[in-house]
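Architecture at a glance
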Amino acid sequence: MFHWLEKNPFFFVSGVALVISFAGLIEIVPNFAEAARPIADLKPRTVLQLAGKEVYMKDNCIACHSQLIRPFKAETDRYGEYSLSGEYAYDRPFLWGSKRTGPDLHRVGRYRTTDWHENHMWNPPAIVPGSIMPAYRHMWKNTADIETAYAEAVTVKNAFHTPYGPEFKKGKDAWEKHKPKVLEDAKKIVADMKGTEGMSKEELMKQIDEGKVPEIVALIAYLNSLK
Amino acid sequence: MNSIQIKALGFAAILIIATIVVVTKMNIDVIHDSVNAITIGGAIAIATLTAAVAFKYIGQMKTDTASGELSEDNWDGIGEYKNELPSGWAYTFLAVFLWSMWYGLIGYPVWSYSQIGEYNEEVKAYQKKFEEVHKNADKETLQQMGESIFLVQCAPCHGNTGDGLSGKAQDFTKRMTKAQVLAVIKNGQNQLGYPMGAMPPGMASGEAAEKVAEWIANGAKGTPPAEFAVCASCHGADGKGNNGMAPNLTTYDLPLVQHVLEHGKKGIIGTMPAFKGRFTPVQEKALATYIQSLAN
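Residues numbered from 1 in each chain as written. Chains lettered and ligands numbered in written order. Predicted model: local features only at pLDDT ≥ 70, side-chain atom pairs only at ≥ 80, totals over all residues. Heavy atoms only, no water.

Focus on the packing of aromatic side chains
Enumeration according to the criterion identifies 19 aromatic pairs over all chains in this entry. A centroid spacing of 5.6 Å and a plane angle of 70° characterise the contact between A:Tyr88 and A:Trp96, whose relative ring orientation is edge-to-face. A residue is classified by how much of its surface remains accessible, and A:Tyr88, at 6% relative accessible area, is buried. A relative accessible area of 33% means that A:Trp96 is categorised as partly exposed. Here the aromatic cluster, defined as three or more aromatic residues joined through ring pairs, consists of A:Tyr150, A:Tyr164, A:Phe168 and A:Trp175. If you follow A:Arg137 out to its NZ or CZ, it ends over the ring of A:Trp122, 4.3 Å from the centre. Cation over ring: B:Arg175 sits above B:Tyr252, and NZ or CZ is 5.2 Å from the ring centre. (Phe/Tyr/Trp six-rings, centres within 6.5 Å; stacked < 30°, edge-to-face > 60°. Buried < 20%, exposed > 50% of the residue type's maximum accessible area, 1.4 Å probe, protein only. Lys NZ or Arg CZ within 6 Å of the ring centre and 35° of its normal.)

What follows is the structure, encoded as structure tokens:
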């Protein structure tokens, strides 16, 4: 019946491609389109949190920490509710990761606090005996790039319609207007910190007053937003 | 037997011998361990089958000639026989075809599989079994269970020994420090959702507050000071919280553990996030048992 197809490789290949794409179209696309929508109440990350996400990516936390809780009892017992794809709708890129040398961090904001992160990033084994995580003390010295984070927010707003407010506009003026808000967010984080040998609380506040946000503050803001 | 067959047999023999040599060198118990026995049996079977199949088809290649009716199609002089499909293929194809019809029309739409559904069932079944098995768990079981939960969920902040890592979190070896009691008396407390409700700020002050705080910080032993009378109306004359109506000031009893896990807590040390819905009632009991044992 289909003998003629064997003599017409072009039609044969097109036919196979058509059948397979159709199956993909009806099985994958509807499911994906539904699941990938932002879940209710999902808010895009603030500029400070975005700056923290940049620190997270720069220092390659993803090499040891995943951000994806699978629907298995053993995982939900330890990390909390399983993850939904809609929760990553505004993450560009998402940071699922695939290696768990350390624990999953997708809901770390629910069960760790600002001062815990502060102590832990300064000296992990002092907080978690036997931990092999290195200390990240340079995060106290380096300054987070909040300006680039703002540019990132504006870019995703324009390119993907991520729901940032109308005040997110291109240009230096808009940034200068928004900057005090970022510094205010940073101060809220510092208010919950206690100071380490690296930098006292007052010193952290002073830095922020000068318009500089230490990386550790931005990172903690990001980690707290993982809920 | 030709030279290729001999080589195939030799190759199979080498494989079997090499396997046996490696297994003996590694000091693996093959005879008494069923999994190892099955594995090595499988290895020998694969080597033997490989040799036998090679043996058969190499022999066949020498004598077989082409036969059957040629189809009329030919490609540059290369023809094709009109042989039947091998029956194994044909039946498998038919079976898969029928199965896919069933799965596409009935199986998937009716019993649509969902990963989340499976997860929910798994958790529900496990929780039920867990609660049943440990309904009347003895103290030792609760203690062990509490310890393992504590080490995973609580130790990252409260420390492996529960000492709060020198003031970074609540110290479970004591109920409250004097500073904590004074802070609560001064600021009031309305976080834990006890039936008694909010504790207003400034229930006592000055020396009275100091005396109460001293007594609680020292483990609430002996008769409370006269100034405790104002606290006693909610916390009970002995400070034990009136059977769960208000927080127990002497020890980490079950209602206290449950309320803190459900609501979280912010005090002068810092904030503890809520752990609502993370533990079953038995696990909460186990945690309370374990935390109480830390005081001694």
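Some points on the domain arrangement of chain B
Each assigned domain of chain B is listed here: domain 1 (3–61) and domain 2 (139–294). Here the C-alpha centroids of domain 1 of chain B and domain 2 of chain B sit 67 Å apart. (Domains from an automatic or database assignment.)

Some words on the packing of helix H7 (residues 178–187) of chain B against helix H8 (residues 206–217) of chain B
Residues and elements named next belong to chain B. Two elements in contact, H7 and H8, have axes whose closest approach is 8 Å; the angle formed by their N-to-C orientations is 135°. Between H7 and H8, the crossing angle belongs to the class labelled oblique. When you trace H7 past H8, the crossing you get is right-handed. Of the residues in H8, those touching H7 at Lys178, Val181, Leu182 and Ile185 are Ala209, Glu210, Val212, Ala213, Glu214, Ile216 and Ala217. (Axes fitted to C-alpha atoms, helices over the stretch in contact; angles between N-to-C directions. Helix = DSSP H or I, 4+ residues; strand = E, 2+ residues; numbered from the N terminus. Parallel < 35°, antiparallel > 145°, perpendicular 65-115°, else oblique. Left-handed = near helix turned anticlockwise from the far one by under 90°. Contact = heavy atoms within 4.5 Å.)

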